[in-house]
Amino acid sequence: MKFRTLCLVGACVPALAAAQSSVNLFGVVDIGLSRYSTQGGASVTKVISGGLQASRIGLRGTEDLGDGLRAGFWLEGDINADNGTGGTTNANNQATGTATAVPGGQGLTFGRRSTVSLAGNWGEVRLGRDYVPTFWNFAAFDPFMMFGVASASNLFFAGTSGPSISTVRNSNSIGYLYNSASPIGGNGWYGQVQYALGENSSNAANPDDGRYLGFRGGYSRAGWNVAVASSKTRMLANGDFRTSNAGVSWESRFATLMAQYTVSNSGIAGTKYQTYLLGATIPVGLGYIPVSLMKTERNNVAGASGRQFAVGYVHNLSKRTALYATYARMQNSNGAAFTVGGSAPVPGLPNATSSGVDFGVRHSF
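Residues numbered from 1 in each chain as written. Predicted model: local features only at pLDDT ≥ 70, side-chain atom pairs only at ≥ 80, totals over all residues. Heavy atoms only, no water.

(A) Spotlight on the overall build of the protein chain. Along the backbone of the protein chain there are 3 helices and 18 strands. With 365 residues in all, the protein chain has 45% of them scored as buried. For the protein chain, restricting intrachain contacts to residue pairs at least 6 apart in sequence, the fraction spanning at least 24 positions comes to 56%. Surface summary for the protein chain: the accessible area is close to 17,300 Å², and the carbon and sulfur share equals 61%. (Helix = DSSP H or I, 4+ residues; strand = E, 2+ residues; numbered from the N terminus. Buried < 20%, exposed > 50% of the residue type's maximum accessible area, 1.4 Å probe, protein only. Contact = heavy atoms within 4.5 Å. Areas by Shrake-Rupley, 256 points an atom, 1.4 Å probe, with all protein chains shown as cover.)

(B) Summary view of the packing of aromatic side chains. Scanning the model with the defined rule gives 9 aromatic pairs in all. Through successive ring pairs, a cluster of aromatic residues spans Tyr-131, Phe-135 and Trp-136. The ring of Phe-26 carries Arg-60 above its face, with NZ or CZ at 4.1 Å from the centroid. (Phe/Tyr/Trp six-rings, centres within 6.5 Å; stacked < 30°, edge-to-face > 60°. Lys NZ or Arg CZ within 6 Å of the ring centre and 35° of its normal.)

(C) Region of interest: the pairing of strand 4 (residues 69–80). Of the pairings in the sheet, the one linking strand 3 (residues 56–66) to strand 4 comprises 10 bridges and is antiparallel in character. Looking at strand 4, one finds that Gly-66 is bridged to Leu-69. Linkage of strand 3 to strand 4, two consecutive antiparallel strands, is achieved through a turn of 2 residues, within which Asp-67 is found at a positive phi near 55 degrees. Pairing geometry for strand 4 and strand 6 (residues 113–120), over 7 bridges, is antiparallel. If you follow Gly-72 over to strand 6, its bridge partner there is Ser-117. The pairing of strand 4 with strand 5 (residues 85–86) spans 2 bridges and is classified as antiparallel. If you follow Ile-79 over to strand 5, its bridge partner there is Gly-86. (Pairing = 2+ DSSP bridges.)

(D) Inspection of the confidence of the model for the protein chain at higher detail. When pLDDT is averaged across the protein chain, the result is 86; 86% of the residues are at 70 or more. Note on residues 1–19: pLDDT under 50 across the span, and 18 contacts to partners over four residues away in sequence or across chains. (pLDDT = per-residue confidence, 0-100.)

(E) Here's a closer look at the nonpolar core. By size, the foremost hydrophobic cluster in this structure holds 30 residues, and its most contacted members are Phe-135, Met-146, Phe-156 and Phe-338. Mapped onto this core, the elements with two or more residues apiece are helix 2 (133–140), helix 3 (153–156), strand 14 (272–284) and strand 17 (321–333). Among all residues touching Phe-338, those that are not within four sequence positions of it are Asn-154, Leu-155, Ala-158, Tyr-273, Thr-296, Ser-305, Gly-306, Met-330, Asn-332 and Ser-354. (Core = buried A, V, L, I, M, F, W, Y, C linked by side-chain atoms within 4.5 Å.)

Here's what the structure looks like:
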């Protein structure tokens, strides 16, 4: 929800300028109680941040430049609302650029998004740290929107090493977006292309590491949304990381049905993961029920696979506040050791079952 326009330079801003520009403060505070356990292994109970949506705070603004041209900026940072620390970021899309938490807690960084842009009827050119095109397919066609114990990242990110290989965001990026006012997709054709730099010296051992190229394209109309995306991140030591995904959803009176397919190749000994998702969001009273089924298979380990079932309920107390409950269960076979909870709150064990629950409240502003 947008706040009223903030006056940044004092009360004497000319009325014309105030009408042509705006700066808005926004954010989410999401805190819950969670329990995770692995069969034959450990269990843990935690107060978490971000079970339904990531806790965050940000500033965004636009300026009308005339003739349909607009300038804009977006600064958004993660907040670990359960302990008050800020989230990390990555400076060069490589393991060497990952921020390390300082003693006593990480300060606020604008690691979720930090961009400046020019936009018009022709689309938008965006510079800075931004989401990668393939991530929007992950989120758009996951009933849990990649958050909490049931996040599709529990399996979609198999074989990756997280943000150092551009699964969610890139720093130092140059992007073009067409008809993408909503990250889920526009009305009609929409798309995104992004190129990002690792910013290594030409005489470095791996000068191309962290360099990224990706795209997403889709079509949305009459309740249908279909999109495909693909990307490649250069990583000499482990082999280039490639991921491609496709998704479809259909919104009816009774439910929104969705399906997604992802293939990721880490380049390490030809390791490839194929992941499938079927899901739905079902309106119920003042809220909705998200439910999903997922399966991941690894090609070079005979039959190694993980299967996840998840179901939840979100009850909207208002447009800004909601209560939620989520349950997820992961089953492994043939040596796989996937876990629920995204960041592996308890270690997985080969062929073991893991499960978890989230109960929480989300408030947006």
